[in-house]
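# Breakdown of the fold
In case you want the letters, here they are:
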Amino acid sequence: MDKKNNSPLYWPWLPAAFALAGIIVFIFATFGPPASSSGFVSLIKGAVQTVAPGYVENNPHYATMPDTGSWLFAFVLGMAIGGFAAGRTGRIQVRDIPEIWEKRFGNSRIKRFAATFAGGFIILFASRLAGGCTLGLFISGSTQLAVSGLYFGVLIFAVAMVTAHLVYGNTGKEE
Amino acid sequence: MGSEIWLGLLSGIAFGFVIQRVGASNADKMARAHLMMESDIPKFMLMAVILSAVGLLGLEAAGVANTRVLPTSLVATGVAGILFGIGWGFCGYCPGTTWAAVGEGRLDAVFALIGGLAGAAFFAHLHEFFIPLLYDPFNVGQITLADWTGSRPAAVVLLVFIFGLCIGAIHFLWKGKNGGQTP
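Residues numbered from 1 in each chain as written. Chains lettered and ligands numbered in written order. Predicted model: local features only at pLDDT ≥ 70, side-chain atom pairs only at ≥ 80, totals over all residues. Heavy atoms only, no water.

Chain A has a UniProt comment under Subcellular location (unreviewed entry) that states "Cell inner membrane". The record held by UniProt for chain A lists under Sequence similarities (unreviewed entry) the comment "Belongs to the TsuA/YedE (TC 9.B.102) family." (UniProt positions renumbered as here; feature names shortened; annotations may be inferred.)

Quick look at the overall build of chain B now. Along the backbone of chain B there are nine helices and zero strands. Start at the N end of chain B and walk to the C end: the helices and strands fall as α-α-α-α-α-α-α-α-α. Seen through its C-alpha atoms, chain B measures out along the principal axes to roughly 50 × 40 × 40 Å. Pairs at least 24 apart in sequence give 67% of the contacts found in chain B among residues at least 6 apart. (Helix = DSSP H or I, 4+ residues; strand = E, 2+ residues; numbered from the N terminus. Contact = heavy atoms within 4.5 Å.)

Turning our eyes to something else, we now look at helix α9 (residues 152-173) of chain B. Three- or four-residue spacings in an α-helix give side chains the same orientation, since the helix completes a turn every 3.6 residues. With 22 residues, α9(B) extends 31 Å between its outermost C-alpha atoms, agreeing within 8% with the 32 Å of an ideal straight helix rising 1.5 Å per residue. Every buried residue of α9(B) is listed here: B:A155, B:V156, B:L159, B:F163, B:I167, B:I170 and B:H171. An end-on view of α9(B) places all buried positions within 140° of arc, on one side of the element. Along α9(B), exposed side chains directed more than 90 degrees from the buried face belong to B:V157, B:F161, B:L165 and B:F172. Looking at the buried residues of α9(B), the elements they touch are α1 (13-30), α8 (134-143) and α9 (147-168) of chain A together with α3 (40-62) and α8 (146-149) of chain B. Near the N-terminus of α9(B), the side chain that reaches the backbone nitrogen of B:A154, with its oxygen 3.2 Å away, is that of B:S151. (Expected span 1.5 Å × (residues − 1). Buried < 20%, exposed > 50% of the residue type's maximum accessible area, 1.4 Å probe, protein only. Arc of directions from axis to C-beta. Polar contact = N/O pair within 3.5 Å; in protein donor to acceptor, adjacent residues only side chain to side chain.)

What follows is the structure, encoded as structure tokens:
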């Protein structure tokens, strides 16, 4: 039924899910639950450490997280490298402003960049409050059958859907 | 320490490669998924969880699993879930896809990354204010589905069933008229 949606541009979802699950199981065997919001903390911890080591030492949030010389930071750095490699070898168009955003709000880069800055700020603030993000809490948690991950997952999907409807309205639906 | 970093880097490269290829690092595709116009990303995510949960059960049987269940704080996890959903629906990136999208060269993701670093630093600064206020008093512990079903295999079966139903519902309810494809 959905076959026509699987243009060769993108990998079909089912084999891709097998690939991702293989990687996740490998990570559980060799490290522990994978996480990506922690990588942000590791990077900011490493950066702040160089200018204000005393502040980092006395901060309870940084105390629980490793700095840049860690699996967690290597992992997010690897994700950027993987994204780069996949982007360079594939045909998916790279844009600075998503099409649907451009249709709704125009092609102002300042507006889009301000929006993603604000969005990034909110998702990382929220991730640190919950202790994880889509990967570290929802995917890792649900894989371990954790109620925290399932609870977080239901909320993020439901609220993101409502938010997207409020932000975009009927943009993109007319064609 | 050395091997840990190489393992992390290798795992990250593989992870970033797959999520780029399936389109999760494309904020346009993600927005269309949230708008019920493209179903590949949510089906991909849920299926990955199903398969990982089954795989993890195997690792546990083999005695090589490293697990760490995060506690559920009814208020902190809930408030965070709502805020996260607002940010995700608004900008189309989540923390992991941001890194892959930056690697791809999407400039808006660079700003999401910088915003994310600022958000993480902001939370870290106020950790001592928020955690005792929102997290600790409502922390019900490291509960899992297995606490209700009695055994981990039974809980995995339950998870597979629920997530499978969700995949089916998404498959039939999401429109996918234009498939969220980048022309």
